[in-house]
Amino acid sequence: MGKLRIIVTGLIGQYPLGGVTWDYLQYVLGLKLLGHDVYYFEDTGQWPYNPVEGGVAKDCSFNIEYLGSVMDRFDLGDRWAYHFPRESQWFGLTDRKRQAIVNSTDILINVSGTLAHPEHYRHIPRLVYIDSDPVITQVKLARGQKDFRRMVEMHDIHFSFGEYLSAAVPATGIDWCPTRQPVVLSEWQPVNTAGTTFTTIMNWTSYKPLSFNGTSYAQKDVEFERFIDLPGMIPETALEIAVNSGKTRRTPRELLSHKGWHVVHPDDVCPDIDRYRTYISSSRAEWSVAKNGYVVGQAGWFSCRSACYLAAGRPVVVQDTGFSKVLPTGTGIVPFSTLQEAIEGIRDVERRYDIHRKAARDIAERYFDSSLVLAQLLEKSMASATDNQALQRTP
């Protein structure tokens, strides 16, 4: 495959937070490392979030400064564009340059479906949709959300972090190709010293639960409550959660502290890409639940954040969402479904820590390396284009 001009979309400016930045930045950096001509666009149609103000931004000055500094740091200072919906303002690339890039792009990768109007980019030969919220995405489509379906179907090929869409996931009529979070391994070199605390970074709630055919697909709060007594059952292990205030349901911080959890706020411990990486690297391991919808759907989703823990040589003890069918588990990745399994998983990591730690990095190298993940994504996307052209030529 030759050198391609690629546009990647995301939410780095929209949500200028450490973890969100890495989620999208690693697509851009990974494609750049593969030798492609890569640009980053944000055109969400939404007003951005300002973590300093703690809400929707009054303007986009903070967000533009943050995005620009990230792009500059990785020699991408002349390769980004951000659209602020008020008066349809664009920042970054000049209008002339931006339009020239769009007109000459080979493939646009719409990560998380962040484009407000993919039809504005429809003249690009290949539009790729990356579903980073599996089960929830499929439920929305099955519920008949017409605008959402129209947006999704605007793309030529569809990938999903749901690598194993079980029968518990509603049918959508869309062919979902499996993919996973790319991790730029050179940015996540393991350090020799390990912390003493199992940590995670999480949203208590991101949006309201969805229901379909009598089944509820809820958020992390529902699952966490099943394991809220965990610290008291393994008092020899320190457990910390960097959790926000909750968007649709307030995080019960006092109750969590009473139960033995060490509770911190992400804005304090990991607000930018450096401190996010340091927070993960200085942890002993990760322990985390998944969204209730992911657990119900058993679609094989695996966390972008957990992939970074692995790359940093930190084992993860995480709630099973069906990923055991596509990733090696037992050492490095320890899945659990019950409270007792969570206890046993943590104790096993402590008992065989060096083995788990080595296995974590090995899994990252074999399964999450951006060079492998993105090469496969591009190969599948471009092969799909060739197949479609062959079908069109067939009489």
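In the block above lies the structure referred to throughout.
Since this is a predicted model, take the numbers as computed values, not measurements.

Some words on the overall build of the protein
- In terms of helices and strands, the protein carries 15 helices and 18 strands.
- Relative to the compact-globule value of 21 Å for 395 residues, the protein shows a C-alpha radius of gyration of 21 Å, a close match.
- Considering only C-alpha atoms, the protein reaches an extent of 65 × 50 × 40 Å along its principal axes.
- When each of the 395 residues of the protein is scored for burial, the buried share is 55%.

Points about the sheet that holds strand β14 (residues 238–243)
- Strands sit in the order β15-β14-β11-β16-β17-β18 across an open sheet of six strands; the sheet is parallel. Whereas interior strands pair on both sides, the edge strands pair on one side only; in this sheet they are β15 (262–264) and β18 (333–336). Between one strand axis and the next, the sheet turns by 25° as a mean value, whatever way the strands run.
- Pairing geometry for strand β11 (residues 197–202) and β14, over six bridges, is parallel. Residue Met 202 lies in a different strand from β14, and its bridge partner there is Val 243.
- Across the face of the sheet, helix α12 (residues 304–311) comes into contact with β11, β16 (285–288), β17 (316–319) and β18 while running at roughly 160° to β16.

Regarding helix α1 (residues 18–33)
- A rise of 1.5 Å per residue sets the reference length of α1, with its 16 residues, at 22 Å; its end C-alpha atoms lie 21 Å apart and thus fit the reference within 8%.
- Residue Leu 25 marks the point of greatest curvature in α1, where the axis turns by about 35°.
- Of all 16 residues in α1, 12 are buried, a share of seventy percent or more.
- For α1, every residue scored as buried is listed here: Gly 18, Gly 19, Thr 21, Trp 22, Tyr 24, Leu 25, Gln 26, Tyr 27, Val 28, Leu 29, Gly 30 and Leu 31.

Looking at the state of the cysteines
- Across all of its chains, the model carries zero disulfides by this definition.
- In this structure Cys 270 is not part of a disulfide, and its nearest cysteine sulfur, from Cys 308, lies 12 Å away.
- By relative accessible area, which is 4% here, Cys 270 ends up buried.
- As a non-bridged cysteine, Cys 304 has Cys 308 as the owner of its nearest cysteine sulfur, 7.6 Å distant.

Structural notes on the pairing of β14
- Taken across its six residues, β14 has five buried, putting it largely inside the fold.
- With three bridges connecting them, β14 and β15 associate as parallel partners. Along β15, the bridge assignment pairs Ile 241 with Val 263.
- Chirality of the crossover, the property in question, places the unit of β14, helix α8 (residues 253–258) and β15 among those that are right-handed.

A look at unusual backbone geometry
- Phi at Asp 75 takes a positive value of approximately 55°, unusual for a residue other than glycine.
- As for its position among the elements, Asp 75 is in the loop between α2 (61–73) and β5 (80–84).
- Classification of Asp 75 by relative accessible area gives exposed; the value is 60%.

Quick look at the sheet that holds strand β1 (residues 5–9)
- Here we have eight strands laid out as an open sheet, ordered β6-β5-β2-β1-β7-β8-β9-β10, and mixed in their pairing. Among the strands making up the open sheet, the edge pair consists of β6 (89–92) and β10 (176–178). Along the sheet, successive strands turn relative to each other by an average axial angle of 25°, direction set aside.
- In this structure, β1 lies alongside strand β2 (residues 37–42), joined through five bridges in parallel fashion. Residue pairing in the sheet places Val 8 in a bridge with Tyr 40 of β2.
- On top of the sheet, α2 reaches β2, β5 and β6; it is set at about 170° to β5, its chief contact.

Examining the nonpolar core
- Counting residues in each nonpolar core, the largest one holds 78 residues, and the members touching the most others are Ile 109 and Phe 302.
- Ranked by residue count, the leading element in this core is α1, at seven residues.
- Not counting residues within four places of it along the chain, the set of residues in contact with Ile 109 comprises Ile 6, Ile 7, Val 8, Thr 9, Leu 31, Val 128, Ile 130, Leu 377 and Leu 378.
- Val 334, Ala 342, Ile 346 and Val 349 belong to the second-largest nonpolar core, a separate cluster that totals 25 residues.

Rules behind the numbers
Residues numbered from 1 in each chain as written. Predicted model: local features only at pLDDT ≥ 70, side-chain atom pairs only at ≥ 80, totals over all residues. Heavy atoms only, no water. Helix = DSSP H or I, 4+ residues; strand = E, 2+ residues; numbered from the N terminus. Rg over C-alpha atoms; globule rule 2.2 N^0.38 Å. Buried < 20%, exposed > 50% of the residue type's maximum accessible area, 1.4 Å probe, protein only. Pairing = 2+ DSSP bridges. Axes fitted to C-alpha atoms, helices over the stretch in contact; angles between N-to-C directions. Contact = heavy atoms within 4.5 Å. Expected span 1.5 Å × (residues − 1). Bend = angle between axes of the 7 residues up to and from the residue. Disulfide = S-S within 2.5 Å. Right-handed = clockwise from strand over helix to strand, strands pointing away. Core = buried A, V, L, I, M, F, W, Y, C linked by side-chain atoms within 4.5 Å.

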